[in-house]
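Notes for the structure review
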Amino acid sequence: MSDASAHALEHHEPVTSTGIPNKKVLMWAFLGSDCMFFGTLISTHLIYRKISATVGGNFLDIRDVFDIELTSFSTFILLASSLFMALGVSAIHKGNLKSMRWMLFGTIIFGAIFLACQVYEFTHFIHAPGNELTLSTYRGEPHVFGSTFYVLTGTHGTHVAIGVFWLIGWLAYSFTGKMSVAHALDIEICGLYWHFVDIVWIIIFPVIYLMEYAL
Amino acid sequence: MATESIKYLAPDSENKAKTQVFPRPGQHTTGLVDWLTTIDHKKIGLMYGMTALFFLIVGGLEALLIRSQLWDHNMDVLTNRQYNQMFTMHGTTMVFLVIMPLSAAFFNFIMPLQIGARDVAFPRMNALSLWCFVGGGLILNLSWFFTGGSPAIGWFGYAPLTDTRFAEVIGDMGPDFWIFSLQILGVASLLASFNFITTIINMRAPGMTMMRLPVFTWMTLIVSFLIILAFPAITIALVELMFDRTYGTNFYDFLEGGKPHLWQHLFWIFGHPEVYILILPAMGIVSEVIPVFSRKPLFGYGLVIFSGAIIGFMGFAVWSHHMFTTGMGVVATSAFAMLTMLIAIPTGVKIFNWIGTMWGGRIRFDTPMLFALGFITMFMIGGFTGIMHSSVPIDAQHQDSYFVVAHFHYVLIGGALFGLFCGFYFWLPKMTGRMLNEKLGKFVFTLMFLGFNLTFFPMHYLGMIGQPRRTHTYNEGHGFETWNQIATIGAFILGVGIVIGIYQFVTAFFNKKLKPAGKNPWDARTLEWALSSPVKEYNFARTPIIKARDQAWENNYGPRENHAEKEPLDDHGVHMPDRSWWPLVTALGLFGLAMGMLFHRTIDPSGELVRDYTVPILAGSVAIIGMIMWALEGPGGYHLFPKENDE
């Protein structure tokens, strides 16, 4: 960074009352709000889970539909992506642009693998022979499980997709030559979002998937 | 950030970023372009206020139609469906397009001045909030012109009224318009709240500790937290409803396993905090006005704030008192009844604090004070009937009767609207630089106070003798006529009062005959009154260093060590961020996305449902491009050079 820009930073970077940058406070407030979004969706799913266990006189065993090996794999991938993200944030803090690019690239790829698994999972469930789970039916009978399941996991998937596009944006920006250690804050905020989306999945996976095998 | 920061130092001519599609409006922009691209919190606040006052007239006309229909038994002013549409639109308009944005207008205009900030933390995001609000209001009112007309489902949109199979009109689009407008309005409220939270936490002037913040700023902070925690519930409930109506899911479809009851829970988990979102700003305004006109500091400052926080916190734990008659069971009902009774305590504490402030003060009865006193008395009546409803057996009797209508209008007009009008009469001199006509103000107050009580007091009695709400007419022989006629006459008086009030507010900006206000016409207490009226573009020429609570008062009357100091003039001048087109473009994209989703379905000649996502995708792309260009253009900026003694 040149002296001029260092001077600019020193002079114009707003001094905040708490010492925490504005953008970071904004992201924390958003994540607090986002908790309530997912809280509402997860509650909806759990409320309906027991009430509507039977379809057309048959007990619905969602284990016939779920592919727990695949979901466990994609869960592992998503959790692993958080490591890349954390290393990426650390790299830009140290001014290591090259390392940051690789780490963001890794995060993007792992996020994309997770999304691909979800797309595969959704199409697989909708067409599962004899066990078709659509938005409104199970085995051709009206049912709520598909509604709550697809809307909840779909909302999470949308969050991951937004994260992936956001990271692609920064990866592209890093090749314009304008990126410096001063952008560490922006990448860190990206990271906050990414880790949050990960943590939400840590709740969704046991509550939506694993619980069906335990209870 | 570094690149953006470098731009600050560049002179204006070199400041045009290369990533621009159309030129960014510069420092000297005026006229329409200025208003469309402004990111100044004061102008945004004014636009919020003026748009909300317009919707106040729209929602008021809907109310007057309702009152005309109820003038006598078996009237035909409105059909039953039109009546349902009127009360749906009236409720939705007044909650989301009038009271909330009027509060937002004061948050925007006043809060940064009270904490010594030059703007909110994210000025362009603030503009996006405004344009989303305008777009959402537009979508709601466009519903009149399409299949089925406006929604006829109540502002609460209870399932299964929203179920497509039970629509009175085939292909009724009213509920869809309602869903999408509320989603866009939700975006506006959420963005604004993130912005206000960041601003209050992070942009306070040196020395402005949290316990020196003016009470109105504190209420802004609490309301913002309520919004970001309560709106997600309605957003998700609306997403689920949108899926039900558009893609056939079964969330609220009781024929296919869904539970309409769930909608009520999700709606009121949002809906009850929403009640406090509507009333706490008015409480903040009144907490500013009463000390000024009693010439005493606010009695129990800490307690007033703490009560506000407790009300906000407990507001999340009482939602089911809207559902006592749905059969939730004894335990749930008792728990919610008890918590509802408890929430009366912090509310009562506030009222006693306001009375304690006036006690022994030298009270002046100027118009803002009259509205503040009107607020306390009317809000208390609404509060008392509210405590009555916390008792489950009494609630079972009052449910769906006019008694409830009386209750919440006492809280929302006698409370919130009186508080907001109080804010206008108090702060307009600061906004326009001119004093309002006191006589006309007192006349408006008299009309509103009389009209309001004539309209809503009889409704207590009407409810007790059995008139049901949301019913478009009544038969002869119940004895409802007389009191309904009194209520209708009252409503027209109230309407005239409000219209004269709005006329007074709007003309205050243009009427040169009004006498100039000067810096501090009321001898008021908080920081915004230390600035010139109207406030300069840059708010504070020199950042103040705060030494005490009620800083403007301390500057005039306090000991020398409590006088505010000022940071030295910066030889780089005051940095002002540039105007921007992108918030407007992004909001237009979101507006188009909502409209596109509303009309993406058509039935082809063979009766097949055809989905065409071209418009939503195009409009969504506009929104995304808007956001990317927004990020790339950066804050930009120019510098102003106020003189040493400018304020």
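These figures come from a predicted structure and were not determined experimentally. (Residues numbered from 1 in each chain as written. Chains lettered and ligands numbered in written order. Predicted model: local features only at pLDDT ≥ 70, side-chain atom pairs only at ≥ 80, totals over all residues. Heavy atoms only, no water.)

1. Focus: the overall build of chain B
Here is the rule: Runs of H or I in DSSP of at least four residues are treated as helices and runs of E of at least two as strands, each being numbered from the N terminus. For the radius of gyration, the atoms used are the C-alpha atoms, and the globule rule reads 2.2 Å times the number of residues raised to 0.38. Partly exposed residues are those whose accessible area sits between 20% and 50% of the maximum for their type, while under 20% is buried and over 50% is exposed, using a 1.4 Å probe and protein chains only. Note on definitions: a residue-residue contact is assigned when non-hydrogen atoms from the two residues lie within 4.5 Å.
Secondary structure summary: chain B contains 19 helices and six strands in total. Relative to the globule expectation of 26 Å for 647 residues, the C-alpha radius of gyration of chain B, 25 Å, shows essentially globular dimensions. Projected onto its principal axes, the C-alpha positions of chain B cover 75 × 65 × 50 Å. Counting all 647 residues of chain B, 62% fall into the buried class. Within chain B, contacts between residues at least 6 apart in sequence are counted, and of these 83% link residues at least 24 apart.

2. Let's talk about the state of the cysteines
All names here are of chain A. This is how the line gets drawn: A pair of sulfur atoms, both from cysteines and within 2.5 Å, is called a disulfide here.
Inspection of the entire model under this criterion finds zero disulfides over all chains. Of the cysteine sulfurs around Cys35, a residue in no disulfide, the closest is that of Cys190, at 18 Å. What makes Cys35 partly exposed here is its relative accessible area of 42%.

3. Some words on the nonpolar core
Note the following rule: Definition of nonpolar core: a set of buried residues of the types Ala, Val, Leu, Ile, Met, Phe, Trp, Tyr and Cys, connected through side-chain atoms within 4.5 Å. Annotation comment: domain bounds sourced from an automatic or database domain assignment.
Of all hydrophobic cores here, the largest spans 255 residues; its most connected members are Phe149(A), Trp263(B) and Phe375(B). A per-element tally of this core places helix α4 (residues 80-115) of chain B first, with 21 residues. Taken domain by domain, this core gets at least three of its residues from each of domain 1 (1-37 + 569-647) and domain 2 (42-525) of chain B. Of all hydrophobic cores here, the second largest spans six residues; its members include Tyr538(B), Val574(B), Met576(B) and Leu640(B).

4. Some remarks on the interface of chain B and chain A
Heads up, the condition is: A 1.4 Å probe defines the accessible area here, and the buried area is the portion of it lost by two parts on being joined, summed over both. Any pair of nitrogen or oxygen atoms within 3.5 Å is treated as a polar contact; in protein, a donor-acceptor pairing is required on top of that, and neighbouring residues in sequence qualify only through side-chain atoms on both sides.
If you look at the interface, chain B gives 42 residues, while chain A gives 45 residues. In total, about 3700 Å² of surface goes out of reach between chain B and chain A, with carbon and sulfur atoms giving 71% of it. Summed over the shared surface of chain B and chain A, the number is twelve residue pairs in polar contact (both at pLDDT 80 or more). Within the residue set of the side of chain B that touches chain A, elements represented by two or more residues are α1 (2-9), α6 (174-202), α7 (215-247) and α8 (260-294) of chain B. No other element matches α7(B), which puts ten residues into the side of chain B that touches chain A.

5. A few points about the domain arrangement of chain B
All names here are of chain B. Put simply, the rule is: Just to be clear on terms, a salt bridge is a Lys or Arg side-chain nitrogen sitting within 4 Å of an Asp or Glu carboxyl oxygen. Note on residue categories: nonpolar means Ala, Val, Leu, Ile, Met, Phe, Trp, Tyr, Cys or Pro, charged means Asp, Glu, Lys or Arg, and polar means any other residue, Gly included.
On domain assignment, one finds that chain B holds domain 1 (1-37 + 569-647) and domain 2 (42-525). Distance between the C-alpha centres of domain 1 and domain 2: 31 Å. The interface of domain 1 with domain 2 comprises 28 residues on the first partner and 26 residues on the second. Taking both sides of the interface into account, the surface hidden between domain 1 and domain 2 amounts to around 2300 Å²; carbon and sulfur atoms contribute 74%. In this structure, the connection of domain 1 to domain 2 is made through three salt bridges. Among the ionic pairs, Arg124 bridges to Glu633, the shortest N-O distance being 3.0 Å. If you look at where domain 1 meets domain 2, you find seven residue pairs in polar contact (both at pLDDT 80 or more). Where the side of domain 1 that touches domain 2 is concerned, the elements lending two or more residues are α2 (31-37), α18 (582-598) and α19 (614-633). Class assignment for the residues of the side of domain 1 that touches domain 2 results in 17 nonpolar, four polar and seven charged.

6. With respect to helix α5 (residues 145-173) of chain A
Applicable threshold: One less than the residue count of a helix, multiplied by 1.5 Å, gives the span that helix is expected to have.
A rise of 1.5 Å per residue sets the reference length of α5(A), with its 29 residues, at 42 Å; its end C-alpha atoms lie 42 Å apart and thus fit the reference within 8%. Taking burial as the measure, the 29 residues of α5(A) include 21 buried ones, the bulk of the element.

7. Some thoughts on the packing of aromatic side chains
All names here are of chain A. Put simply, the test is: Here is the rule: rings of Phe, Tyr and Trp (six-membered ring for Trp) pair when centre to centre is within 6.5 Å. Planes less than 30 degrees apart are stacked, more than 60 are edge-to-face, and the remainder are tilted.
In this structure the tally under the stated criterion is 69 aromatic pairs over all chains. Ring geometry for Phe205 versus Tyr209: centroids 5.8 Å apart, planes at 35°, classification tilted. Linking Phe205 with Tyr209, this pair stays in helix α6 (residues 184-214), spanning four residues, or about one helical turn. Each member of the pair, Phe205 together with Tyr209, is buried.

8. A word on the pattern of salt bridges
Residue and element names in this part refer to chain B. Under the defined criterion, the tally for this structure stands at 20 salt bridges over all chains. A salt bridge links Lys42 to Asp40; the shortest N-O distance between them is 3.2 Å. Pair check on accessibility: Lys42 and Asp40 agree, each one buried.

9. A short note on the environment of Val304(B)
Residues and elements named next belong to chain B. Residue placement: Val304 occurs in helix α9 (residues 301-314). Overall, the relative accessible area of 0% leaves Val304 in the buried class. With residues near it in sequence (within four places) discarded, Val304 still touches Val215, Met219, Ser287, Leu298, Phe299, Lys350 and Asn353.

10. Points about empty space enclosed by the protein
Residue and element names in this part refer to chain B. Test applied: For each structure, a 1 Å grid was placed over the protein atoms alone; sets of points admitting a 1.4 Å probe that cannot get out are labelled cavities, open sets with protein on both sides within 12 Å along at least five of seven lines are labelled pockets, and lining residues have an atom within 4 Å of a point. Grid points are joined across faces, edges and corners, and a volume is the space filled by probe spheres set on the points.
Scanning all chains against the criterion turns up seven cavities of 30 Å³ or more. Taken as a whole, the largest cavity encloses approximately 200 Å³ of empty space. If you trace the largest cavity, you find 18 residues lining it, with Tyr48, Met100, Pro101, Ala104 and Ser189 closest to the centre. For the lining of the largest cavity, the class distribution of residues is 15 nonpolar, three polar and no charged. The dominant element in the lining of the second largest cavity, judged by the number of residues it contributes, is helix α3 (residues 41-69), at four residues. Counted by class, the lining of the second largest cavity contains eight nonpolar, two polar and no charged residues.

11. Examining unusual backbone geometry
The phi torsion of most residues other than glycine is negative, and most of the peptide bonds are trans. Residues and elements named next belong to chain B. Of note, the bond from Ala159 into Pro160 is cis; its omega dihedral lies within 30 degrees of zero at 0°. Following Ser533, the chain continues into Pro534 via a peptide bond in cis, with omega recorded as -10°. The phi dihedral of Asn74 is positive, around 50°, even though this residue is not glycine. Secondary-structure assignment places Asn74 in the loop between α3 and α4. A positive phi angle, near 60°, is found at Asn539, a position not held by glycine. Along the polypeptide, Asn539 turns up in the loop between α16 (481-507) and β1 (544-545).

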